[in-house]
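# Remarks on the overall topology
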Amino acid sequence: IKNLLKFGAKEICLKRVLLKQNYKDLENFVKLTNKLKIKKLDFTFVEGGGNARINWSKIAPHYSEIQPYLKKAIDLANSFGIEVTCYDIPFFFLNGYEKHVSEINTYIKPYLKQEFPERISDRRENIIKELVLGRRKKSQKCNDCRFYKVCLGVWQEYLELYGDKEFKPVKGEKIETWSELYKILRNSR
């Protein structure tokens with residue numbers, strides 16, 4: 001990273017995959033990010049495919065376990081002027097911190113506007129519908145959440161292996177459009 005900066009790299013984003021082994025140390029990771037003068041940081045929940053699925057109970061924390069550490073890390077990053085995104089972490093675990101949900105611009109905004117980018121390969125593939133939404137699930141509890149229509153859900157492996165006991169729908173009027181979501185994002189930390 002120091003060499004990248006030395007040779008003029010401008011847009012460096014550090015990514016931290018959240019695991020049982022590291023989520024309690026997020027504030028130190030933010031401090032390191034600041035020390036390196038990096039201005040973008042992404043916290044990503046571990047995906048449930050491949051070896052991660054095989055070792056799920058050893059490496060994947062519960063969302064409720066990481067939530068307080070993640071919010072403290074976001075607050076610290078904000079104090080340093082570091083832009084933070086959180087990938088694969090649903091809105092209700094980032095309640096009050098919604099603007100950090102990284103899928104907002106990459107998936108949710110196009111989804112609400114019905115503007116799905118396509119990837120050309122052997123066949124046309126709808127990236128959002130097939131590659132992202134196809135691997136996500138929502139709990140029955142999600143039906144009562146105000147973010148239901150704008151949330152992509154969680155990796156299906158999470159629900160299959162951990163269930164939905166910790167899921168708590170966010171109360172309030174349901175968000176139906178991008179502009180309604182944008183109003184909430186303006187008021188989040």
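Before any of the text, the structure's been laid out above.
Overview of the structure. Worth saying up front: this structure is predicted, and the values here are computed from it rather than measured. (Residues numbered from 1 in each chain as written. Predicted model: local features only at pLDDT ≥ 70, side-chain atom pairs only at ≥ 80, totals over all residues. Heavy atoms only, no water.)

Let's shift gears to the nonpolar core. Judged by nonpolar contacts, the single largest core of 51 residues is most densely connected at Phe-43, Ile-89 and Phe-147. For this core, the element with the highest residue contribution is helix H5 (residues 63–80), accounting for seven residues. Beyond its immediate stretch of four places on either side in the chain, Phe-147 contacts Phe-91, Glu-98, Val-170, Ile-175, Leu-181 and Ile-184. (Core = buried A, V, L, I, M, F, W, Y, C linked by side-chain atoms within 4.5 Å. Buried < 20%, exposed > 50% of the residue type's maximum accessible area, 1.4 Å probe, protein only. Helix = DSSP H or I, 4+ residues; strand = E, 2+ residues; numbered from the N terminus. Contact = heavy atoms within 4.5 Å.)

Before going further, it helps to examine helix H9 (residues 178–186). Regarding H9, the residues found buried are Trp-178, Leu-181, Ile-184 and Leu-185. On an axial view of H9, the arc spanned by its buried residues comes to 120°, and they lie on one face. Turned more than 90 degrees away from the buried face of H9 sit Lys-183 and Arg-186, all of them exposed. (Arc of directions from axis to C-beta.)

The next point concerns the packing of aromatic side chains. Considering all chains together, one arrives at 14 aromatic pairs under this definition. Look at Phe-45 and Tyr-158: their rings are 5.7 Å apart centre to centre, the planes differ by 70°, and that puts the pair in the edge-to-face class. On the criterion of sequence distance, the pair formed by Phe-45 in strand S2 (residues 40–45) and Tyr-158 in helix H8 (residues 156–162) is long-range, its members being 113 residues apart. Considered together, Phe-45 and Tyr-158 belong to a single accessibility category, that of buried residues. An aromatic cluster is present here, built from Phe-45, Trp-56, Tyr-63, Phe-92, Phe-93, Tyr-158, Tyr-162 and Phe-167 joined pairwise through their rings. Lying over the aromatic face of Trp-155, Arg-136 brings its terminal NZ or CZ to 4.4 Å of the ring centre. Lying over the aromatic face of Phe-147, Arg-146 brings its terminal NZ or CZ to 5.8 Å of the ring centre. (Phe/Tyr/Trp six-rings, centres within 6.5 Å; stacked < 30°, edge-to-face > 60°. Lys NZ or Arg CZ within 6 Å of the ring centre and 35° of its normal.)

As a working rule, side chains carrying opposite charge can pair if their charged atoms are close by. The full count for this structure, using the stated rule, is six salt bridges. Glu-11 serves as the salt-bridge partner of Lys-40, at 2.9 Å between the closest nitrogen and oxygen. Taken together, the positions of Lys-40 in strand S2 and Glu-11 in the loop between helix H1 (2–6) and strand S1 (13–18) put the pair 29 residues apart, joining distant regions of the chain. Glu-176 is paired through a salt bridge with Lys-149; the nearest N and O atoms lie 2.8 Å apart. On the criterion of sequence distance, the pair formed by Glu-176 in the loop between H8 and H9 and Lys-149 in the loop between strand S6 (136–137) and strand S7 (154–155) is long-range, its members being 27 residues apart. A relative accessible area of 38% means that Glu-176 is categorised as partly exposed. (Salt bridge = Lys/Arg side-chain N within 4 Å of Asp/Glu carboxyl O.)

Before going further, it helps to examine the environment of Leu-41. Residue placement: Leu-41 occurs in strand S2. The exposure class of Leu-41 is buried, given its relative accessible area of 1%. Separated by 41 residues in the primary sequence, Leu-41 and Ile-82 place their C-alpha atoms 6.9 Å from one another. Residues within four places of Leu-41 in sequence aside, it is in contact with Cys-13, Leu-14, Phe-29, Val-30, Thr-33, Ile-82, Glu-83, Val-84 and Thr-85.

All we've got here are geometric facts, nothing functional implied.
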